[in-house]
Amino acid sequence: MRWVEAAFPDLDSRAYFLPPVYVNRVPMTRQAAAGQEVLVLQQASGRDKPSPTKSAASRRSARLPIVQDSDLRDDEAMQRIFMCLQTMSEQNREVMVGISQLQFGQSKGYRTLSWHSAAAALLPEPADLSPDQIQNMKEGDFDFLLIHRHYGFVIFEVKSTGRFKISQENLNELIRRKISDAIKQLNNAKANLLHLVKDIAPHVRITKMIAVPNLKGHQVQQALSGDHQLATDLCRCLGTTDSPDITGLCLCSDQLSDPKTPSDVSSHVLRELGHWWQRRVAGAGPDSHMTPELYKSLVARFCGPATIVTVPCTSPPRLSVKTLGQAVSYTGECYTAQITLFPEQVHLLNMSPPIQFVTGPPGTGKTVVLMLTAMQWLDSGHHVYIVSTWLGNRAACFMLYHLLLNTLNTCRSADVPRGQPHLLLYDFDGGKDVENAVNDLSQAASGESLYVIADEVGLELGENNFQIFCDKLLERFPDRLHLWAASCFHGHAPADWPVKYLTRPLRSPPSVIREYERARSITELDHVQPYSERGVPDHTDGPPVKRLYHRGQGQLGDWPGDCVTCGREVASFLHSLRVGAKENVTMTSATTVDTTPPCLQWRDVLVLYWVGVNDNSGVVRALRGAGIPVRVMKNNDDDFEDVAKARSDVVWVALGDQVRGLERKIVVCLDDNARLHCMSRCTSQLVIISDGDILHKHDSDFDTCHLS
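About the thresholds
Throughout this document, residue positions are counted from 1 along each chain, in the order its sequence is written. Totals for whole chains, interfaces and linings use all residues, but because this is a predicted model, local features are given only for residues with pLDDT of at least 70 and pairs of side-chain atoms are given and counted only at 80 or more. Hydrogen atoms and water are omitted, and side-chain values are computed over all heavy atoms in the structure. We count a stretch as a helix when DSSP gives it H or I for four or more residues in a row; a strand needs E for two or more, and each element gets its number in order from the N terminus. In what follows, residue pairs with any heavy atoms lying within 4.5 Å of each other are defined as contacts. Distance and chemistry together define a polar contact, namely a pair of N or O atoms within 3.5 Å, with one atom able to donate a hydrogen and the other to accept it when in protein, and with adjacent residues in sequence counting only for side-chain atoms on both sides. Pairing of aromatic side chains requires ring centres within 6.5 Å, counting the rings of Phe and Tyr and the six-membered ring of Trp. Pairs whose planes differ by under 30 degrees are stacked, by over 60 edge-to-face, and all others tilted. We call a residue buried when its accessible area falls under 20% of the maximum for its residue type, exposed when it is over 50%, and partly exposed in between, using a 1.4 Å probe and counting protein chains only. Put simply, a charge is over a ring when the Lys NZ or the Arg CZ is close to the ring centre, within 6 Å, and near the line of the ring normal, within 35 degrees. Cavities and pockets were defined on a 1 Å grid built from protein atoms only: a cavity is a group of points that admits a 1.4 Å probe but offers it no way out, a pocket is an open group of points flanked by protein on both sides within 12 Å along at least five of seven lines, and a lining residue is one with an atom within 4 Å of any such point. Grid points are joined across faces, edges and corners, and a volume is the space filled by probe spheres set on the points. Side-chain classes follow a simple rule in which Ala, Val, Leu, Ile, Met, Phe, Trp, Tyr, Cys and Pro form the nonpolar group, Asp, Glu, Lys and Arg form the charged group, and the remainder, Gly included, forms the polar group.

S.K.: Before we go on, may I ask you to explain the environment of R681 in this structure?
M.R.: Inspection of the secondary structure puts R681 in the loop between β25 (664-669) and β26 (682-691). Between the alpha carbons of R681 and I666 there is a distance of 8.7 Å; along the sequence they are 15 residues apart. Once residues within four sequence positions are removed from consideration, R681 is found in contact with P362, L608, V659, R660, G661, L662, E663, R664 and V667. Here S680 takes part through its side chain, which lies 3.1 Å from a polar atom of the side chain of R681.

Following this line, the structure appears as structure tokens:
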């Protein structure tokens, strides 16, 4: 109970979901790219079972779970319902806890939840059940289990169907089979649920639901109209005696968001979903058994620290994700903990042309491709020069340099001679340092081939000093130059150089991408290529964007960065995520070891701005006043290096141009117009402070801003 009260402080006034984000299964394989083992995103298998012609040994070699098309359909259906229920609960201020895919079954003679073994014995004993009754209570899971403060339990059984062309007769048969299976599973789930709470809530209301997200109501109606017995069984299962309109019982696509844009829960969808909720749940009125004390007791039993709420993962240990802070940490780990590529990036690395310019919108894997290319050169014994061409790519080059050093130190072997990375810092602004850089590199090469990596190159659009630098190097090393460079601005590519466009999002969840893909540099100005379809499911849609508003009423400062009140709201939100807490606990269940994601640290947070912030700014003072370690980034190499390496466990406050190429799990953006270089730094939880009093500058003012 104490854990629940601490983890869900607003339990009596809002809805919580466990996990707080829906996590999908993602088809991936392990492959070698540029001499490194990476994860490669793939299309799912078209079969519901592994091909019998594929040997068990070959399946083991991939060492990753096989993901089928049917898995993707199930996840897509579940995610739509999750997002719609989440949005509806916020809109209607429903007080409930929703748990997805919670396992139940039998352990050592006890009917159990998916509990750690030490806690399973605390559940009710089956002394009053006959062996036949126990046998009839099959193992399974609750697709969705809602514990509502007023309406008791709501159980969902979700059935997905494929989008393929079949005859009407076969479609009707498929729907009838899905509904029949759902009825059996719901009856089993209710029997298990009644037993699991018989000691504290023997008479609590249980409402059963069937959801068919890929079917229209009229399709279900037509299929059931030809089977009177099944329609009767459905009514009995769902707790109604007379329902001429079967479509009013099942949750169909009519009440859900579009599968192509599941997060867009429109007012129309909310209205239809609200009507359905009123008919099936709220219309019966509150359950008199659901007292505040019982509600907390039920949440403690089903959501407490002993219950395992796991998410799909590629390898042990299983991760239990319950709180928003854990979900934020997990999402960031999904996108950054392991090197992940698309097949076209693996192909580019395997082709390994000597000269290559890589471009595309933020978060498409450009820096990862440069790093792997550099590692390939180092493994071949070459010296590799990481060249910073201006202040805006200083941090990115520091990061790349230290990643290469760390990788070399980890893989170093006395039997394998490797090259050495070198970091060279220049400033091509106004043409300065171009000749110095060319001379330094020419001297370092000493007549040998030259290997150069440059990330986030170029100053403002129209600036051609990087192109001059490349042309001069090519003149001195016509057959011996190896140079890979990257920029999100495709206009920075040197003339006649091969250009590879990477446009599939890779490093941020959709909830974040939807924000920064609206930058005018992408949508209107054609400075940055737009994103293409990912083609593979995301791990999760990501935590919802947290929006705060600087309206000026009772708030200090002309803009959010000057406002103490805005700073206090940011601090409160960071504390609610338990950033800086040390609570990572590993527990053992009956079958495996489960753990929570890494705890969020202060180094996981960036506060970014486009208008000047200093140590005396309101936001900075408020964060410090809330006990948060804060440092304002200056234009010096010590700060660039510290931020790039995430060396100090502090929240860095920085100009967006200072951190190009870097990533953090949590990014606080002090202006909702600074999209391209601020919001794109986020790999999980985006916090946006919108200025409601000052006339917003146009996005273009920020997208082409030059760091001075």
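S.K.: What exactly am I supposed to notice about the packing of aromatic side chains here?
M.R.: Pairs of aromatic rings are described using the distance from one ring centre to the other and the angle between the two planes. Applying the stated criterion across every chain, the model contains 13 aromatic pairs. Ring centres of F17 and F82 lie 5.4 Å apart, and the angle between their planes is 65°; on these two criteria the pair is classed as edge-to-face. Here F17 is found in strand β1 (residues 16-18), whereas its partner F82 is found in helix α3 (residues 69-92), with 65 residues between them in sequence. Assessed through its relative accessible area of 6%, F17 is described here as buried. For F82, a relative accessible area of 4% translates into the label buried. With a centroid separation of 6.1 Å and 40° between ring planes, the pair formed by F466 and F469 is classed as tilted. Taken together, the residues F466 and F469, both in helix α16 (residues 465-476) and three residues apart, mark about one turn of the helix. F469 sits in the buried class, given a relative accessible area of 0%. In this structure an aromatic cluster arises from ring pairing among Y426, F428, F466 and F469. Here the guanidinium or amino end of R14 rests over the ring plane of Y16, the centre of that ring lying 4.0 Å away. Lying across the ring of F342, R504 places its NZ or CZ 4.0 Å from the centre.

S.K.: Is there a simple way to think about the layout of surface pockets in this case?
M.R.: By rolling a water-sized probe across the atoms, one finds the places where empty space is left. Roughly 1,600 Å³ of volume is contained in the largest pocket. Residue lining of the largest pocket: 47 residues in total, with R14, E90, L324, P544 and K546 positioned closest to the centre. Those elements that provide at least two residues to the lining of the largest pocket are α1 (2-7), β1, α3, α11 (324-336), α17 (510-516), β19 (546-550) and α19 (564-576). For the lining of the largest pocket, the leading source of residues is α3, giving seven residues. Looking at the lining of the largest pocket, its residues break down into 19 nonpolar, 14 polar and 14 charged. Looking at the second largest pocket, its volume works out to about 1,200 Å³. In terms of lining residues, the second largest pocket is bounded by 34 residues, among which P259, K260, E533, V536 and D538 are the most central. Those elements that place two or more of their residues in the lining of the second largest pocket are α3 and α17.

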